[in-house]
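Each chain is listed here by its residues.
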Amino acid sequence: MSIAEETLTEFLSKATGTAVEWVQMPGMKPGPDSIGIIAISHGCAGVAARACGLVGMEPAKVAEILKDRPLWLRDCRSMEVVNVLPAGSNGTIELLYMQLYAPTTLAPARDFWLMRYTSILDDGSLVVCERSLSSKQGGPSMPLVQPFVRGEMLPSGFLIRPSDGGGSVIHIVDHLDLEPWSVPEVVRPLYESSAMVAQKMSMAALRYLRQVAHEDTHSVITGWGRQPAALRALSQKLTRGLNETLGGLADDGWSVIESDGVDDVCISVNSSPSKVMSCTATFSDGLPMVSTGVLCAKASMLLQDVSPPSLLRFLREHRSQWADSSLDAFFASALKPNFSNLPMSRLGGFSGQVILPLAHTSDPEEFLEVIKIGNASNYQDTLMHRDLFLLQMYNGIDENTMGTCSELIFAPIDASFGDDSPLLPSGFRIIPMESPLDTSSPNCTLDLASTLEVGTPGSRIPGHSRSSSKAVMTIAFQFAFESHLQDSVAAMARQYMRSIISSVQRIALALSSSHLVPHGSSRLLPPVTPEAATLSRWIVQSYRFHFGAELIKAADASSGESALKALWQHTSAILCCSLKAMPVLTFANQSGLDMLETTLAALREITMDKVLDYDQGRKSLLCADLMASVAEQGYACVEGGTCASSMGRPASYGKAVAWKVLDDGGAGAAHCVCFAFMDWSFV
């Protein structure tokens, strides 16, 4: 009881006093949409965060939710109440054992032995305070549990006061010592970051409470006709599933299998009945069980000078740049037994992806979606065709927000998928290891259209300042398999993971090496190659040949390099496509990339008909008719219309012109077709 009273006093001095030097959380946006007042510690032992906010919920219910930490803290693997003792008037003392997942494969998980003291103050405020129990406070010495590293919680907790206008005013303090000495130096900043504690714990608690309070007072139906709580449970399943896979703990049934001599990829296997039954239950559509185990391939890599949200956004929108049909075949093998005996085959037939949004979760930057790969139009068709549906969670946090990680997590689903269906998640997680508040951090990309190769460092524009940020990306993929195929599946998984690592490194290099600028800044030129300069000169000369007017100032057309610069910075969206029956985009200027919501690296995945043939009750421009007109007379004009970005977002334009680009500006053969969309804006 003396430890409890001491904990209460120390907690209150942090929650409402100056026992810790608090500074405002950088990057937080004040205003009506803010979740509360957030502060982080400066110069104290360990890492600490404090949050204060108003929630439309009674204090008793607030306390009930906050005490159930696994409900809202996704990094919480388990929390067990070992003992409960009465303490004073309506008070309790609880002995807790809590385990937290490790966010990467590079560090062990943490565990805590805690004492929690719940009491009511004289003014009616409800207090729940916690601290670690150890012999230092005169408490019991708790045994260590392998492979966890014992963390320490300094006096922390929740102060909940009834609000005069209804609801509760909540003060949250999270103060931890995560033993940063026990992790590799590359990830040590993560364990020394008060901002990460604020995002993962204090703000997550407030955000969850506000979401639940909103749902209690409003009738909300989201995508699939599901209640928000059901979608929130799905996102938690995805995150926890990835956390479990990254942890690979023995008591979850995981065991590491021998490597092939190179330690870049870790392969582990789980054949425990609970895991196998969960995997099989995901596809409980009457088909016979084909999986007797789950294999996981995981790895971590260091990224430098690349924006984590930009990288994950690229991976999300352009799966074909890194995914392999062997992975899709393995997902399909769980759905279709006749595929399951082809672990090394590379099945064809998977076409592009379609992203079907579901809803935002309690986190405003996080949302669920369904990815359809293939040509089927519904879930039932998946059982008959080589189509695949993935439930996907994307969390691309604003890169100017401290203490955040970006995640792209997905799991195969089929026609029988329900709210209570287990999932087999795979995905990517990127955690910045340094403060991302440098305003020079990139958020858009310039790449070459044909490949992801970019100019050499020497081709960068002099004086262009760049941040020197570091982040750790952790990748994990799970595969269901039959026991007699374990060795071949392991070999495929290891090879596939190395292929993904190589693709991610290639993409990250392109994103970091290109000339990236914040939105609204001066638009910088991509690497000037002879081919790009020649194409720019032909575009300008052909426009003059067909229309008798200048596309750019005459002075800018004096050379290919100056023409490229003028085209790149032109306010109209300028696109070039091939002359094939199915015209594929080959070039776009910066305005064109903005309109298409894509990058030059992914441009060749987009066909012109997908851009032009947009029709949702708006005026539609048919690609075939326009291309025929260009082929016949060399040019065409359209007065206003609506096109679509690569994400299906409608964009209106005041006028569009198209013309045939000729070699040598008019004397040569047709090279491609160029489009200019003038006065465009998103609808």
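Residues numbered from 1 in each chain as written. Predicted model: local features only at pLDDT ≥ 70, side-chain atom pairs only at ≥ 80, totals over all residues. Heavy atoms only, no water.

**Quick word on the overall build of the protein chain**
1) Next: Helix and strand counts for the protein chain come out as 16 helices and 28 strands.
2) Next: Across the 683 residues that make up the protein chain, the buried fraction comes to 56%.
3) Next: A separation threshold of at least 6 residues defines the contact pool for the protein chain, and within that pool the share at least 24 residues apart is 65%.
4) Next: Counting only carbon and sulfur atoms, one obtains 53% of the accessible surface of the protein chain, whose full area is about 27900 Å². (Helix = DSSP H or I, 4+ residues; strand = E, 2+ residues; numbered from the N terminus. Buried < 20%, exposed > 50% of the residue type's maximum accessible area, 1.4 Å probe, protein only. Contact = heavy atoms within 4.5 Å. Areas by Shrake-Rupley, 256 points an atom, 1.4 Å probe, with all protein chains shown as cover.)

**A few points about unusual backbone geometry**
1) Next: Of the consecutive residues Gln 146 and Pro 147, the connecting peptide bond is found in the cis state with omega at 0°.
2) Next: We note that Asp 305 has phi near 55°; this positive angle belongs to a residue other than glycine.
3) Next: Mapped onto the fold, Asp 305 is located in the loop between strand E14 (293-304) and helix H8 (308-317).
4) Next: A positive phi angle is found at Asp 679, which is not glycine, with a value near 55°.
5) Next: Within the fold, Asp 679 resides in the loop between strand E27 (670-678) and strand E28 (681-682).
6) Next: On the basis of relative accessible area, Asp 679 is assigned to the exposed category, the value being 67%.

**Regarding the pairing of E27**
1) Next: Pairing geometry for strand E21 (residues 573-577) and E27, over 5 bridges, is antiparallel. Of the residues in E27, the one forming a bridge with Leu 575 is Phe 675.
2) Next: Here strand E26 (residues 655-662) runs beside E27; their pairing, made up of 8 bridges, is antiparallel. Note that in E27 the partner of Val 657 across the bridge is Ala 676. (Pairing = 2+ DSSP bridges.)

**Regarding H8**
1) Next: Burial of H8 is extensive: 9 of the 10 residues sit out of reach of the surface.
2) Next: Looking at H8, one finds that the buried residues are Pro 308, Pro 309, Ser 310, Leu 311, Leu 312, Phe 314, Leu 315, Arg 316 and Glu 317.

**What to know about the side chain of Thr 474**
1) Next: Turning to its location among the elements, Thr 474 is positioned in strand E20 (residues 470-481).
2) Next: Residues contacting Thr 474, with those up to four places away along its chain left out, are Pro 103, Thr 104, Thr 105, Leu 246, Ala 299, Ser 300, Gly 427, Phe 428 and Arg 429.

**Points about the pattern of salt bridges**
1) Next: If you walk through the whole model with that rule in mind, you get 17 salt bridges.
2) Next: Between Arg 69 and Glu 130 there is a salt bridge; the shortest N-O distance is 2.7 Å. With Arg 69 in helix H3 (residues 69-72) and Glu 130 in strand E7 (residues 126-132), this residue pair connects regions lying 61 residues apart in the sequence. The pair formed by Arg 69 and Glu 130 is uniform in burial state, with each residue classed as buried.
3) Next: Across the salt bridge formed by Asp 75 and Lys 200, the nearest N and O atoms sit 3.7 Å from each other. Placement of Asp 75 in the loop between H3 and strand E4 (76-87) and of Lys 200 in helix H5 (residues 194-217) is noted, with a sequence separation of 125 residues between them.
4) Next: On the basis of relative accessible area, Asp 75 is assigned to the buried category, the value being 14%. (Salt bridge = Lys/Arg side-chain N within 4 Å of Asp/Glu carboxyl O.)

**Structural notes on the pairing of E21**
1) Next: A large share of E21 lies buried, amounting to 5 of its 5 residues.
2) Next: Residues Ala 573, Leu 575 and Cys 577 line one face of E21 and the alternating positions Ile 574 and Cys 576 line the opposite face, and both faces are buried.
3) Next: With 3 bridges connecting them, E21 and strand E22 (residues 585-588) associate as antiparallel partners. Within E22, the position partnered with Leu 575 by the bridge is Ala 588.

**Re the sheet that holds E26**
1) Next: Read across the open sheet, the 5 strands follow the order E22-E21-E27-E26-E23; overall the sheet is antiparallel. Among the strands making up the open sheet, the edge pair consists of E22 and strand E23 (635-638). Looking at each pair of strands side by side, their axes are set apart by 20° on average, direction ignored.
2) Next: Summarising the sheet, E23 and E26 pair through 4 bridges and their orientation is antiparallel. Within E26, the position partnered with Val 638 by the bridge is Ala 656.
3) Next: Packed onto the sheet, helix H12 (residues 530-547) meets E21, E22, E23, E26 and E27 and runs at close to 110° relative to E26. (Axes fitted to C-alpha atoms, helices over the stretch in contact; angles between N-to-C directions.)

**A closer look at the packing of H12 against helix H13 (residues 560-568)**
1) Next: At a minimum axis distance of 8 Å, the contact between H12 and H13 shows a crossing angle of 70°. It follows that H12 is roughly perpendicular to H13 by the angle criterion. Contact residues: H12 offers Ala 532, Ala 533, Ser 536, Arg 537, Ile 539 and Val 540, while H13 offers Gly 560, Glu 561, Ala 563, Leu 564 and Leu 567.
2) Next: Among the residues making up the contact of H12 with H13, the classes are represented as 7 nonpolar, 2 polar and 2 charged. (Parallel < 35°, antiparallel > 145°, perpendicular 65-115°, else oblique. Nonpolar A, V, L, I, M, F, W, Y, C, P; charged D, E, K, R; others polar.)

**Quick word on the packing of helix H2 (residues 59-67) against H5**
1) Next: At a closest axis distance of 11 Å, the pairing of H2 and H5 adopts a crossing angle of 130°. Classified by the angle between their axes, H2 and H5 sit oblique to one another. For the pair H2 and H5, the sense of crossing is right-handed. Between H2, through Lys 61, Val 62, Ile 65 and Leu 66, and H5, the contact on the second element is made entirely by Ala 205, Tyr 208, Leu 209, Val 212 and Asp 216.
2) Next: Residues that form the contact of H2 with H5 fall into these classes: 7 nonpolar, no polar and 2 charged. (Left-handed = near helix turned anticlockwise from the far one by under 90°.)

**Here we look at the side chain of Ser 645**
1) Next: As for its placement among the helices and strands, Ser 645 is situated in the loop between strand E24 (641-644) and strand E25 (650-653).
2) Next: By relative accessible area, Ser 645 is classed as buried at 6%.
3) Next: A polar side-chain atom of Ser 645 sits 2.7 Å from a polar atom in the side chain of Glu 597.
4) Next: When residues no more than four places from it in sequence are discounted, the contact partners of Ser 645 are Met 595, Leu 596, Glu 597 and Phe 682. (Polar contact = N/O pair within 3.5 Å; in protein donor to acceptor, adjacent residues only side chain to side chain.)

**Section: the environment of Met 153**
1) Next: Of note, Met 153 is situated in strand E9 (residues 152-153).
2) Next: Sequence separation of Met 153 and Val 47 is 106 residues, and the distance between their C-alpha atoms is 9.8 Å.
3) Next: When near neighbours in sequence (up to four residues on either side) are disregarded, Met 153 contacts Arg 69, Met 98, Phe 112, Leu 114, Glu 130, Arg 131, Ser 132, His 175 and Leu 176.

**Some points on the sheet that holds E24**
One key point about sheets: their strands pair by backbone hydrogen bonds, in either a parallel or an antiparallel sense.
1) Next: Judged by pairing direction, the sheet is antiparallel, and its 3 strands sit side by side in the order E24-E25-E28 without closing on themselves. In the strand order of this sheet, the two ends are held by E24 and E28, each with one partner.
2) Next: Two strands pair when backbone bridges link them, and E25 and E28 are joined in this way by 2 bridges, in the antiparallel orientation. Looking at E28, one finds that Ala 651 is bridged to Phe 682.

**Quick look at H5**
1) Next: The end-to-end C-alpha distance of H5, which contains 24 residues, comes to 33 Å, matching closely the 34 Å that a straight helix rising 1.5 Å per residue would cover.
2) Next: Maximal helix bending in H5 amounts to about 40°, located at Ala 204.
3) Next: Buried residues dominate H5, accounting for 19 of its 24 residues.
4) Next: At the N-terminal end of H5, a side-chain oxygen is found 3.4 Å from the backbone nitrogen of Ala 195, two or three residues along, and the residue is Ser 193. (Expected span 1.5 Å × (residues − 1). Bend = angle between axes of the 7 residues up to and from the residue.)

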